[in-house]
Amino acid sequence: QPIAIAVTEPGVPTITSLVPDTVQAGSGDTPVAVNGTQFAPDAIVRVNGTPVPATYINGNLLLATVPAAFLTTPGPLTVTVQNPGPNGGTSGPAH
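Below you will find a few notes about this structure.

How each quantity is defined
Residues numbered from 1 in each chain as written. Predicted model: local features only at pLDDT ≥ 70, side-chain atom pairs only at ≥ 80, totals over all residues. Heavy atoms only, no water. 1 Å grid on protein atoms, 1.4 Å probe; cavity = no way out; pocket = protein on both sides within 12 Å on 5 of 7 lines; lining within 4 Å. Points joined across faces, edges and corners; volume = space filled by probe spheres on them. Helix = DSSP H or I, 4+ residues; strand = E, 2+ residues; numbered from the N terminus. Pairing = 2+ DSSP bridges.

**Remarks on the layout of surface pockets**
Approximately 340 Å³ is the volume found for the largest pocket. The wall of the largest pocket is formed by 23 residues, among which D21, T22, V23, L71 and L77 lie closest to the centre. Counting only elements with at least two residues in the lining of the largest pocket, the list comes to β2 (30-37), β3 (44-47) and β6 (61-66). Top contributing element to the lining of the largest pocket by residue count: β2, with three residues.

**Quick notes on the sheet that holds strand β8 (residues 89-90)**
Pairing is antiparallel in the open sheet, where four strands are placed in the order β4-β3-β7-β8. Sheet topology places β4 (50-52) and β8 at the edges, where each strand pairs with a single neighbour. Of the pairings in the sheet, the one linking β3 to β4 comprises three bridges and is antiparallel in character. Bridge pairing in β4 places V47 opposite T50.

Have a look at this one:
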């Protein structure tokens, strides 16, 4: 008998942590691990609303690059993850 496998679409992602969570002003392009849940393979990482380069590792980890242009002055940056698709959504912000 065939075995059924349910294929589902990720829902709304959640960010649990950013590593590193502190970067010195004036730094160059900086890789950041975005940890969380329900990341889709085509998830979009945004910093202050702008999409940044990101690589999907698995449903709990994305590796994003924060461009140096965002790191010129001290202050918080807002990071979100968006899963495209009809059942996707955007995470709450991480700072």
